[in-house]
Number of protein chains: 4
Amino acid sequence: MKKNPSPLKSSKEALILDAALKTFKEKGLHKARMSDISKKARISYGLVYHYFKSKEDLFEAILNRWWQGLFEVMAKIREDGRGAPLELREIIDYFMDTYQDHPDLVNIFVTEISRSTANLTPKRLKNFQEFMFLTDGIMAAGQQAGVLRRDFKARYLTYIFLGALETFVSAMVLVDQKIKGNRQKERIAESILEVFLHGAGSRDKGKRS
Amino acid sequence: MKKNPSPLKSSKEALILDAALKTFKEKGLHKARMSDISKKARISYGLVYHYFKSKEDLFEAILNRWWQGLFEVMAKIREDGRGAPLELREIIDYFMDTYQDHPDLVNIFVTEISRSTANLTPKRLKNFQEFMFLTDGIMAAGQQAGVLRRDFKARYLTYIFLGALETFVSAMVLVDQKIKGNRQKERIAESILEVFLHGAGSRDKGKRS
Amino acid sequence: MKKNPSPLKSSKEALILDAALKTFKEKGLHKARMSDISKKARISYGLVYHYFKSKEDLFEAILNRWWQGLFEVMAKIREDGRGAPLELREIIDYFMDTYQDHPDLVNIFVTEISRSTANLTPKRLKNFQEFMFLTDGIMAAGQQAGVLRRDFKARYLTYIFLGALETFVSAMVLVDQKIKGNRQKERIAESILEVFLHGAGSRDKGKRS
Amino acid sequence: MKKNPSPLKSSKEALILDAALKTFKEKGLHKARMSDISKKARISYGLVYHYFKSKEDLFEAILNRWWQGLFEVMAKIREDGRGAPLELREIIDYFMDTYQDHPDLVNIFVTEISRSTANLTPKRLKNFQEFMFLTDGIMAAGQQAGVLRRDFKARYLTYIFLGALETFVSAMVLVDQKIKGNRQKERIAESILEVFLHGAGSRDKGKRS
DNA sequence: TATGAATGAGGGTTCATTCAT
DNA sequence: AATGAATGAACCCTCATTCAT
């Protein structure tokens, strides 16, 4: 029975995935050489190909870690139906939690997929659009329920929300910032959600412009 | 005095830059071949090297278009000092206007620079951080002036604002969406600023949580 | 006393040889992978190396099947001394019989050895030349005995005879033609020998040009 | 105006083709490395790819030399209609002449195409079958005209004829035999045709068995 | 300026062979 | 005897860059 948080098929496979994750993060998909990965995993060149049939395949395997976790969260969110604010918070938490455990994974998602038109294969685009679509659903439900304003399309809200979220983690990644404990994580999550919901505008005057 | 719509040192140089822009956008920095660029520019292979000493150099020249324009705007903003809301609006406008004229340029900024750790040379990082720093200044001044809330660091607000903005254009780029006239541009710009300032939360209840 | 239809040292060894035979035939010596062979033999990868020390060794073992049978026939022919026509017929029969039982074996001989300068190791060349030499002997004896014309070198006759024979089986292999019963086998054998001995020229006029 | 018998598009292209021809002949299609070819042509590695898009493409270009010449001969033969014996002689001459000028080319045809099932792409098979078919036509016409015996299928005669021819050149290639002047060429051509038409059987008894 | 041939380092992938179990 | 993971040399192909004209 496996208890390991990353219980991969074989220890070598996990080794390779971790090494690949780091390498892709450091050099990007294109500049990462298979030899870099094998060296980082301290295994022979050819062994990588024993577990993954190509560089592309290896990259895909890494992305799947991300998408699988994300779609599980999205499914759970839909089931629970706790309302837009809490649901968005769960998305933020997935990003932040994953960032704590595998900062590189979040980085790769943001840099190589979320923003890269060059690396976008049909399959990847499909995942991405599905995620956007599910988020749209949360926004629309929130508008329906009266907790989100209706004067903008749900899709616009999705853009703004995900953009803020991505940029946050992206920026943290850029400066290799470690999240210091759950306290800071809380704080960041809150700030994103709070600004998204209530705006960055000052409430000093008691009303909005 | 410049009359050329793409006024560059020589017409050939402009030709190459335009071709490079399109090519980088379509294939990404890495997958774009110099031969693709020369072909798209309808010039000979070697001529590219007459004007630009390397692929990297060509890429840099393109980015400079972007940074130069952006820093000009930032300088003007600082001079005018019209307050955070209007100043942020000017940033949005620069993104949107540039997107209208050169969608690919905005795309390249977002995909290859804003989010890519792989392509980030020290020089590029410097530009990027400078831009963040200037935006921080706007945010901080807004907080000072009481138009932006003070319970979050200026840097956090910067992340959220720029993230929302980038994701918007990034998404438009992804679907190759053309902005249909100034009306739509207005609408998008407004929605970004409005949500950033006042939040996506419904105001139906007359007050915030 | 051997009872096994493919009686080899061990059943696994036979399994491997058969699988290798098929694989070499399908893909050629070079493109045949050891993994293909082990897969076809339904044994593990490494076991092949338990029985054969290398791919080359395995190939050699297969060729030996062929050469051993052929040289046995050639020895028997020499002993019996039944005259060129019948002796040539026995060579044809060896080709045809082997083709019936192991078409792939004949194919490999023709494609990888008889015509391939690339795969020709000294040992293989030696076997091949020995066979040519023995055939020369038959031809020369036939010339001596007055049943074969003397106006061409024995070696020339050897070329023409073996060429015709090889091309026949080679062509049958190419279209994966199965010999339908002994009747057809007879017919083919006859036609080769008949044309070789008496020519393709019409005998309508009762005499030759 | 080009007078050169091998007037290729560019001198470099011809250089590469010649080097490739030799290399393929020496090592076979698979074992020939592109670096061998470039080295033999005394050009840089990459230049080969400037002229040919792949190893396969280069190989194809070489084969085309052969097929084009052969099909031209076959077309001329059909037009002239000089009767089977003379027509077959023309085929023999094409083989012998090409052998004199480019022995390696004939070798490659025989080893890598005529007998190799492994290297047989659909396109190559098509050429080969077309050639067989055209030869069938000559044989059938010969049977019709009463100069070739009718008791064997035209296809059988084709096999025997081409087999004898191929084996001859193949054997010459094997021992790297140079044809010493037109005299020997004549002699070889005659022997092939003569044996094919009238058989190797002795005519001492004035009639056949 | 302009062309495109020429160079060669680099990197992904394959696969025969070895080895630990 | 049997397995299949592990190794690493080889080799095809790409493409940025240089160079002769």
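Residues numbered from 1 in each chain as written. Chains lettered and ligands numbered in written order. Predicted model: local features only at pLDDT ≥ 70, side-chain atom pairs only at ≥ 80, totals over all residues. Heavy atoms only, no water.

1. Focus on the relation of the copies chain A and chain B
In step 1: At an RMSD of 0.1 Å, chain A and chain B line up after a rotation of 179 degrees and a shift of 0.0 Å along the axis. What the rotation and shift describe, once combined, is the action of a two-fold rotation axis. Rotation axis and chain A: the residue whose C-alpha lies nearest the axis is G199 of chain A, separated from it by 1.7 Å.
In step 2: Most of the interface of chain A is mirrored in chain B, where 98% of its interface residues are also at the interface. (Least-squares fit on C-alpha atoms with pLDDT ≥ 70 in both. Contact = heavy atoms within 4.5 Å.)

2. Some remarks on the interface of chain A and chain B
In step 1: At the junction of the two partners, chain A supplies 56 residues and chain B supplies 55 residues.
In step 2: Here chain A packs against chain B, burying approximately 5200 Å² in sum over the two surfaces, 60% of which is carbon and sulfur.
In step 3: Counting the contacts that link chain A with chain B gives 2 salt bridges.
In step 4: The residue E194 of chain A makes a salt bridge to R149 of chain B at a minimum N-O spacing of 2.7 Å.
In step 5: Counting residues per element, the ones that place at least two in the side of chain A that touches chain B are α1 (11-31), α6 (103-114), α7 (122-144), α8 (154-174) and α9 (181-198) of chain A.
In step 6: Ranked by residue count, the leading element in the side of chain A that touches chain B is α8 of chain A, at 14 residues.
In step 7: Broken down by class, the residue content of the side of chain A that touches chain B amounts to 24 nonpolar, 19 polar and 13 charged. (Buried area = accessible area lost by both parts, 1.4 Å probe. Salt bridge = Lys/Arg side-chain N within 4 Å of Asp/Glu carboxyl O. Helix = DSSP H or I, 4+ residues; strand = E, 2+ residues; numbered from the N terminus. Nonpolar A, V, L, I, M, F, W, Y, C, P; charged D, E, K, R; others polar.)

3. Re the interface of chain C and chain D
In step 1: Between chain C and chain D, the contact holds 55 residues from the first and 56 residues from the second.
In step 2: Contact between chain C and chain D buries roughly 5100 Å² in total, counting both sides, with carbon and sulfur atoms accounting for 60%.
In step 3: At the surface where chain C touches chain D, the tally comes to 2 salt bridges.
In step 4: At the boundary of chain C and chain D, one finds 15 residue pairs in polar contact (both at pLDDT 80 or more).
In step 5: Where the side of chain C that touches chain D is concerned, the elements lending two or more residues are α1 (11-31), α6 (103-114), α7 (122-145), α8 (154-174) and α9 (181-198) of chain C.
In step 6: For the side of chain C that touches chain D, the element with the most residues is α8 of chain C, which contributes 14 residues. (Polar contact = N/O pair within 3.5 Å; in protein donor to acceptor, adjacent residues only side chain to side chain.)

4. With respect to the protein's contact with DNA strand E
In step 1: Surveying the vicinity of DNA strand E reveals 29 residues, the closest of which are Y45 and Y49 of chain A together with K12, H50 and Y51 of chain D.
In step 2: Looking at DNA strand E alone, sugar and phosphate atoms form 67% of those within 4 Å of the protein.
In step 3: Here S44 of chain B contributes a backbone N or O atom positioned 3.1 Å from a phosphate oxygen of DNA strand E.
In step 4: Contacts to DNA strand E include Y51 of chain D, whose side-chain N or O atom sits 2.6 Å from a phosphate oxygen.
In step 5: Listing elements by their share of the surface near DNA strand E, those giving two or more residues are α3 (45-51) of chain A, α3 (47-51) of chain B together with α3 (45-51) of chain D. (Near = heavy atom within 4 Å.)

5. Section: the environment of R115 of chain A
In step 1: Looking at the element boundaries, R115 of chain A is found in the loop between α6 and α7.
In step 2: Residue classification places R115 of chain A among the buried residues on the basis of a relative accessible area of 1%.
In step 3: When the C-alpha positions of R115 of chain A and E166 of chain A are compared, they lie 9.9 Å apart, and in sequence the two are 51 residues distant.
In step 4: With near-sequence residues (within four places) excluded, R115 of chain A lies in contact with V110, G163 and E166 of chain A together with V110, T111, R115, G163, E166, T167 and S170 of chain B. (Buried < 20%, exposed > 50% of the residue type's maximum accessible area, 1.4 Å probe, protein only.)

6. Points about the packing of helix α5 (residues 84-101) of chain D against helix α6 (residues 103-114) of chain D
Residues and elements named next belong to chain D.
In step 1: Look at α5 against α6: their axes get within 5 Å of each other, and the N-to-C directions meet at 125 degrees. Classified by the interaxial angle, the pair formed by α5 and α6 is oblique. Across the interface between the two elements, F95, T98, Y99, Q100 and D101 of α5 pack against P103, L105, V106 and F109 of α6.
In step 2: Looking at side-chain class alone, the contact of α5 with α6 contains 6 nonpolar, 2 polar and 1 charged residues. (Axes fitted to C-alpha atoms, helices over the stretch in contact; angles between N-to-C directions. Parallel < 35°, antiparallel > 145°, perpendicular 65-115°, else oblique.)

7. So, the confidence of the model for chain A
Residue and element names in this part refer to chain A.
In step 1: Scored by pLDDT, chain A has a mean of 87; 91% of the residues are at 70 or more.
In step 2: Looking at the elements of chain A, mean pLDDT is at its lowest for α6, recorded as 85, and at its highest for α3, recorded as 97.
In step 3: Contacts of residues 1-8 to residues separated by more than four positions or lying in other chains number 7 contacts, the stretch itself having pLDDT below 50.
In step 4: Note on residues 205-209: pLDDT under 50 across the span, and 7 contacts to partners over four residues away in sequence or across chains. (pLDDT = per-residue confidence, 0-100.)

8. Some details on the protein's contact with DNA strand F
In step 1: Taken together, 29 residues sit near DNA strand F, with K12, H50 and Y51 of chain A, M34 of chain B together with K12 of chain C positioned nearest.
In step 2: The sugar-phosphate portion of DNA strand F accounts for 66% of its atoms within 4 Å of the protein, the bases making up the rest.
In step 3: S44 of chain C is positioned with one of its backbone polar atoms (N or O) 3.1 Å from a phosphate oxygen of DNA strand F.
In step 4: At the level of elements, α3 of chain A, α3 (48-51) of chain C together with α3 of chain D are the ones that each hand at least two residues to the surface near DNA strand F.
In step 5: With 5 residues, the single largest contributor to the surface near DNA strand F is α3 of chain A.

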